[in-house]
Amino acid sequence: MRGSASFALAGLAVALAFPTVLVAAPTRSSSSASAAAPTAHTAGRTCTPRKKAACQQVDLSGRKLTRRDLTEANFHQADLHKASLWASNTWRANFRGADLSKANLTSGNRTRADFRAADMRGADLYNADFWGANMRGADMRGVKLSRTRLDRADLTDATLQGAKTDSYTIAGAVLCRTTMPNGKVAKPSCGQRTDGGSGVGTDGTGTTGTGTTTTTTPTKTVTVTVTVTVTTPAPTPTTTTPATTTPTTTTPTVNGCKLVKGAQCHGADLRGADLTQKDLTQADFSAADLTGATLWSSNVWKSSFASAKLRDANLTNGNRTYANFANADLRGADFYNGDFYGATFIGADLRGTNLSNARLDRADLTDANLQGAVGSAYTTFGAIFCRTVLPDGTLSNTSCP
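Trainee: Lay out the overall build of the protein with the relevant residues and their values.
Mentor: A tally of helices and strands in the protein yields 0 helices and 10 strands. Along the chain direction, N to C, the helices and strands of the protein fall in the order β-β-β-β-β-β-β-β-β-β. For the protein, the accessible area works out to roughly 19100 Å², and carbon and sulfur atoms hold 49% of it.

In structure tokens form, the structure reads like this:
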């Protein structure tokens with residue numbers, strides 16, 4: 001552990017990479033193949049791992065795909081043995097039948113991704129969000145499930161035997177013929193969906209607590225409107241010179257603020273703005289008004305929110321490492337599952353925030369006020385506490401010089 005200072009209620013303890021052209025092979029490359037040599041399999045297909053990439057059946061074993069936007073990418077039957085996808089965004093990506101054995105899947109967004117029949121033996125799922133993922137028939141023997149969110153995931157016919165468990169959640173997950181970490185077969189959800197229950201624990205027995213079980217037959221209504229327009233051509237033919245158009249790339253802009261990497265949005269009015277899953281690394285939002293804004297799964301690595309208004313903002317599931325929140329108003333903000341490693345909160349107002357599963361390791365909380373903050377399983381290893389008001393109202397000076 002990085003330090004001794006911690007006030008966790010339950011002590012449990014993304015900079016885009018430049019796209020690299022990778023090459024396919026029908027079998028896994030040997031351990032001596034260099035990850036930096038794209039000519040290792042020149043006879044195969046090529047793949048550039050990025051958003052909506054077509055990487056099916058490509059050999060990516062041992063590759064470093066950290067902090068990348070891989071949303072809706074296709075890795076069907078790809079070889080990702082020992083690959084690192086740390087802090088990458090794989091929302092709705094396809095890993096069906098892929099080899100993810102011993103892969104690093106930590107701290108990333110895996111929501112709604114398809115892992116059907118994937119080989120995930122020994123993979124590390126620490127602090128990853130698999131909400132709603134399809135994991136039917138996945139081989140998850142020996143995976144690490146520490147602080148992993150499997151809520152509403154479909155684990156039908158999946159095998160988790162021998163998984164190393166520590167505070168993972170499976171609330172509302174589908175458990176049907178599912179082999180649990182303790183070797184027992186769970187069938188509570190066969191033919192139905194189970195809602196309710198916390199699902200937190202190390203025994204791997206499934207969801208617990210009170211809740212309701214419902215079976216819903218979905219119906220879908222499709223309305224098709226067909227409009228037929230008949231145009232009578234002019235009797236005299238004319239010659240028209242087509243206009244020359246220049247393709248343009250649209251950059252999302254809100255009130256004059258371009259929402260891109262390195263954005264300059266000092267003092268911008270971004271109240272209620274939707275900044276979901278955007279790369280905003282090293283951006284300047286100092287003194288900006290982000291009250292009620294949504295930054296779910298966005299990457300704000302080393303960005304500045306100094307003196308910004310972030311009251312009731314959604315800061316869940318994203319990379320906030322080394323960001324600057326000095327003197328920011330964060331009252332009531334949601335930090336669930338966010339990574340604030342090394343972030344600066346000097347003088348920040350964090351009253352009433354939700355800290356559940358948040359990582360505040362090595363954060364500077366000097367003069368910060370966390371009174372009334374709620375949540376469990378957040379970590380503060382190596383964090384700086386000096387004149388810091390803790391959630392219970394007490395003052396901590398453990399790190400003062």
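Trainee: Lay out the packing of aromatic side chains in plain terms, naming residues and giving numbers.
Mentor: Each aromatic ring pair is summarised here by two numbers: the centre-to-centre distance and the angle between the ring planes. One pass over the full model with this rule turns up 11 aromatic pairs. Ring plane angle 10° and centroid distance 5.2 Å describe the contact between Phe285 and Phe305, whose orientation is recorded as stacked. Taken together, the residues Phe285 in the loop between strand 8 (257–258) and strand 9 (388–389) and Phe305 in the loop between strand 8 and strand 9 connect sequence positions 20 residues apart. Assessed through its relative accessible area of 0%, Phe285 is described here as buried. In textbook terms, an aromatic cluster arises when at least three aromatic residues are bridged by ring pairs, as seen for Phe285, Phe305, Phe325, Phe335, Phe340 and Phe345. In this structure, Arg67 is placed above the aromatic ring of Trp301, and the distance from its NZ or CZ to the ring centre is 5.5 Å.

Trainee: Go over the state of the cysteines with me, naming the residues and quoting the values.
Mentor: In the structure shown here, the tally under the stated rule is 4 disulfides. A sulfur-sulfur separation of 2.0 Å characterises the disulfide bridge that pairs Cys176 with Cys190. Measuring the twist about the S-S bond at about 105°, one finds the Cys176-Cys190 disulfide to be right-handed. Taken together, the positions of Cys176 in the loop between strand 2 (46–47) and strand 3 (178–179) and Cys190 in the loop between strand 4 (185–186) and strand 5 (193–194) put the pair 14 residues apart, joining distant regions of the chain. Exposure remark for Cys190: the relative accessible area of 33% places this residue in the partly exposed category. Each bonded cysteine in the protein gets a number by its place in the sequence, and the pairs come out as 1-2, 3-4, 5-6, 7-8.

Trainee: Which residues make up the side chain of Asn109, and what values do they have?
Mentor: Its location among the elements puts Asn109 in the loop between strand 2 and strand 3. Owing to a relative accessible area of 5%, Asn109 belongs among the buried residues under this scheme. Within the local environment of Asn109, its side chain forms a polar contact with the side chain of Thr111, the two groups lying 2.7 Å apart. Not counting the four nearest positions on each side in its chain, Asn109 is found in contact with Ser88, Asn89, Thr90, Trp91, Asp129, Gln277, Trp296 and Ser297.

Trainee: Before we move on, can you summarise unusual backbone geometry with the specific residues and values?
Mentor: Phi is positive for Asp157, close to 65°, though the residue is something other than glycine. Positionally, Asp157 belongs in the loop between strand 2 and strand 3. For Asp157, a relative accessible area of 36% puts it in the partly exposed group. Positive phi, normally seen in glycine, also occurs at Asn357, with a value near 60°.

Trainee: Explain the environment of Cys176 to me, using residue names and the numbers behind them.
Mentor: Residue Cys176 is classed as buried on the basis of its relative accessible area, which comes to 5%. In the structure, Cys176 is positioned 20 residues away from Thr156 in sequence and 4.6 Å away in space, judged by C-alpha atoms. With sequence-adjacent residues up to four places away left out, Cys176 is seen in contact with Leu155, Thr156, Asp157, Ala186, Lys187, Ser189 and Cys190.

Trainee: Mind laying out the nonpolar core, listing which residues take part and the relevant values?
Mentor: Among the nonpolar cores identified, the biggest contains 45 residues, and Leu80, Phe115, Met120, Phe130 and Met135 are the most heavily contacted of them. With near-sequence residues (within four places) excluded, Phe130 lies in contact with Leu105, Arg110, Thr111, Phe115, Met120, Leu125, Met135, Thr148, Arg149, Leu150, Asp151 and Ala153. Counting 44 residues, the second largest nonpolar core, distinct from the first, contains Leu270, Phe305, Phe345 and Phe385.

Trainee: Pulling in residues and values, what's your account of the side chain of Thr71?
Mentor: As for its position among the elements, Thr71 is in the loop between strand 2 and strand 3. Residue Thr71 is classed as buried on the basis of its relative accessible area, which comes to 4%. Of note is the side chain of Thr71, whose polar atom sits 3.0 Å from the side chain of Asp69. Beyond its immediate sequence surroundings of up to four residues, Thr71 is in contact with Lys51, Lys52, Asn89, Trp91 and Gln277.

Trainee: So what about the pattern of salt bridges? Which residues, and what values?
Mentor: Working definition: two side chains of opposite charge can pair if their charged atoms are close together. A full pass over the atoms with the stated rule returns 17 salt bridges. Where Asp361 meets Arg359, a salt bridge forms, and the shortest distance between an N and an O atom there is 3.2 Å. For the pair shown, Asp361 and Arg359 are each scored as buried. Residues joined in a network through salt bridges with shared partners are Asp119, Arg121, Asp139 and Arg141.

Trainee: Which residues make up the environment of Asn314, and what values do they have?
Mentor: With respect to the secondary-structure elements, Asn314 resides in the loop between strand 8 and strand 9. The spatial distance from the C-alpha of Asn314 to the C-alpha of Leu290 is 9.8 Å, given a sequence separation of 24 residues. Once you skip the residues sitting within four places of it in the chain, Asn314 turns out to touch Ala293, Thr294, Leu295, Trp296, Arg320 and Asp334.

Trainee: Talk me through the confidence of the model for the protein; I want residue IDs and the actual numbers.
Mentor: Looking at the protein, pLDDT values average 78 and 74% of them are 70 or higher. Mean pLDDT across the secondary structure elements of the protein bottoms out at strand 6 (residues 213–214), with 32, and peaks at strand 9, with 97. Confidence drops under a pLDDT of 50 for residues 1–43, and excluding neighbours within four residues, the segment shows 110 contacts in the predicted structure.

Trainee: Give me the environment of Ser399: which residues, what numbers.
Mentor: Inspection of the secondary structure assignment puts Ser399 in the segment after strand 10 (395–396). Setting aside its immediate chain neighbours within four residues, Ser399 contacts Ala383, Ile384, Phe385 and Cys386.

Definitions and cut-offs
- Residues numbered from 1 in each chain as written.
- Predicted model: local features only at pLDDT ≥ 70, side-chain atom pairs only at ≥ 80, totals over all residues.
- Heavy atoms only, no water.
- Helix = DSSP H or I, 4+ residues; strand = E, 2+ residues; numbered from the N terminus.
- Areas by Shrake-Rupley, 256 points an atom, 1.4 Å probe, with all protein chains shown as cover.
- Phe/Tyr/Trp six-rings, centres within 6.5 Å; stacked < 30°, edge-to-face > 60°.
- Buried < 20%, exposed > 50% of the residue type's maximum accessible area, 1.4 Å probe, protein only.
- Lys NZ or Arg CZ within 6 Å of the ring centre and 35° of its normal.
- Disulfide = S-S within 2.5 Å.
- Polar contact = N/O pair within 3.5 Å; in protein donor to acceptor, adjacent residues only side chain to side chain.
- Contact = heavy atoms within 4.5 Å.
- Core = buried A, V, L, I, M, F, W, Y, C linked by side-chain atoms within 4.5 Å.
- Salt bridge = Lys/Arg side-chain N within 4 Å of Asp/Glu carboxyl O.
- pLDDT = per-residue confidence, 0-100.

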